[in-house]
Amino acid sequence: MGDYTVRCVSCKEVQPRYSLRCPHDDGLLRAYYEQRQLELSDLPGIWKFLCWLPVKGHMNVGGSPVTYKSQGFGREIGLKNLFISFSGYWPKRGALMDTCSFKDLEAAPTMQRLKESNAGTLVVASAGNTARAFAHVASRSGMPLVLFVPQASLHRMWTANEYRGPLCLVGVKGDYNDAIAMAEALSSRPGFTPEGGARNIARRDGMGTVMLEAATQMKALPDHYFQAVGSGTGGIAAWEASMRLMDDGRYGHALPKLHLAQNVPCAPIYSLWTQDPRAAPAPQCPKGMYDDVLFNRKPPWSIAGGVYQALVESNGLVYGVTGDQADGARALFQELEEIDILPAAAVAAAALIQAVDSGRIGLNDTVLLNITGGGASLLRENMTIT
Ligand SMILES: *Cc1c(COP(=O)(O)O)cnc(C)c1O
């Protein structure tokens, strides 16, 4: 296990290990691991990164992302050094996450940490992939969980296994905000605990394993990192993992530039970044989005350690991607890489195409494209889904 202290990134004061907030200000808390160099443990899945996860032990669930060098898609768009991080189901490449999204990377360490802290029953609100990932991990680990999911999103609660154990799924009449309100009401009661979203260091460091896995495969940090974002937590996580890898000393000394992609017209982070009022999300959002898992009304934007700081320090930028652009990128990616991807991941692929077309990245630069979910169609061919 890797020992660590938890500090507020703003006032730098050490906080109790399991707190979600600094008592003095709004800054994010962050884990500062004692071990400066990344040392892989001989454990399955993401647990090989145990020294940089805020847990003591591991559980028997928690698949790892895989990184490989693209041939087809990279060549087609003109990139010589495109690496793909794939989270999902693709046995041929060793990807065995059968909920098919990188939300598994958050759910497993969060559940493990909860077990270690004896914090009670976890309460999660989600419109999609997060709920599926937490249900999967809870079911596999026997940990209790209450999920609030808008009724319109219940179709995303499919599973390739069977849900077991103390799992309570509540279909909420209303939208994601209504689900969040219900989750907040329940999690403030004794015996229940909120998952904390971007404030939860286990979620962020779990997602950060995408960068750790990629850097160990590539033997260096990439020049650029592309990801589709809703809350932007994955972007923060990639930035934090990159800082740890720089501190390690063996992976290079420049932060990867963050290229974060949102799905217009419901794109709050894009609108905050461009300061263009026309890009502000309409009241009817997320209706009509190419993928509504990318809609989050209150991203952790301006707080210390949040999305804005990650973008500024990495000299990054934000893209607005239309449904048509995403769909085009999805078709191209699926044809050339020979795997199906989730719509959110297609938004990231479309942003990469925009970046190349506009000359924002060099054709020899090393690029890491985070395919945050995929293989759902392949999974349906290979397994029975209920
Ligand atoms: C949640 C999600 C994202 C965006 O994640 P952030 O929390 O905003 O980083 C991207 N792709 C998929 C498939 C997702 O489920």
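Parameters and conventions
- Residues numbered from 1 in each chain as written.
- Predicted model: local features only at pLDDT ≥ 70, side-chain atom pairs only at ≥ 80, totals over all residues.
- Heavy atoms only, no water.
- Near = heavy atom within 4 Å.
- Polar contact = N/O pair within 3.5 Å; in protein donor to acceptor, adjacent residues only side chain to side chain.
- Areas by Shrake-Rupley, 256 points an atom, 1.4 Å probe, with all protein chains shown as cover.
- Helix = DSSP H or I, 4+ residues; strand = E, 2+ residues; numbered from the N terminus.
- Nonpolar A, V, L, I, M, F, W, Y, C, P; charged D, E, K, R; others polar.
- Pairing = 2+ DSSP bridges.
- Axes fitted to C-alpha atoms, helices over the stretch in contact; angles between N-to-C directions.
- Contact = heavy atoms within 4.5 Å.
- Disulfide = S-S within 2.5 Å.
- Buried < 20%, exposed > 50% of the residue type's maximum accessible area, 1.4 Å probe, protein only.
- Parallel < 35°, antiparallel > 145°, perpendicular 65-115°, else oblique.
- Left-handed = near helix turned anticlockwise from the far one by under 90°.

A closer look at the site of the ligand
Of all residues adjacent to the ligand, which total 16 residues, the nearest are Lys103, Asn129, Gly230, Gly234 and Thr372. Lysine 103 is positioned with one of its side-chain polar atoms (N or O) 2.7 Å from an oxygen atom of the ligand. The side chain of threonine 372 places a nitrogen or oxygen atom 2.6 Å from a nitrogen atom of the ligand. Relative to its unbound accessible area of 380 Å², the ligand is 96% covered by the protein chains. Secondary-structure elements contributing two or more residues to the shell around the ligand are β12 (224-228) and α7 (233-248). Residues that form the shell around the ligand fall into these classes: 7 nonpolar, 8 polar and 1 charged.

Quick notes on the sheet that holds strand β10 (residues 167-172)
On the basis of which strands lie adjacent, the open sheet formed by 4 strands has the order β10-β9-β8-β11 and parallel pairing. If you trace the sheet from one side to the other, it starts and ends with β10 and β11 (192-194), each paired once. Averaged over all pairs of adjacent strands, the angle between their axes in this sheet comes to 25°, without regard to strand direction. Most of the contacts of helix α3 (residues 129-141) go to strand β9 (residues 145-150), to which it runs at about 160°, and overall it touches β8 (121-125), β9 and β10.

Concerning the state of the cysteines
Applying the stated criterion across every chain, the model contains 1 disulfide. Between the sulfur atoms of cysteine 266 and its disulfide partner cysteine 285 the distance amounts to 2.0 Å. Note on the cysteine 266 and cysteine 285 pair: the S-S dihedral is about -85°, so by sign convention the disulfide is left-handed. Separated by 19 residues along the polypeptide, cysteine 266 in the loop between β13 (257-263) and α8 (268-274) and cysteine 285 in the loop between α8 and α9 (307-313) bring together distant segments of the chain. Its relative accessible area of 1% is what places cysteine 266 among the buried residues. Just so you know, cysteine 11 is unpaired, no disulfide at all, and the nearest cysteine sulfur is the one on cysteine 22, 3.7 Å from it. Residue cysteine 22 is classed as buried on the basis of its relative accessible area, which comes to 7%.

Details of the packing of helix α2 (residues 103-117) against α3
The contact between α2 and α3 brings their axes to 8 Å, and the two run at 45°. Classed by the angle they form, the pair α2 and α3 counts as oblique. Remark: the crossing between α2 and α3 carries right-handed chirality. Taken together, the residues of α3 that come into contact with α2 (itself represented by Lys103, Asp104, Glu106, Ala107, Ala108, Thr110 and Met111) are Asn129, Thr130, Ala133, Phe134, His136, Val137 and Ala138. Taken together, the residues of the contact of α2 with α3 sort by class into 7 nonpolar, 4 polar and 3 charged.

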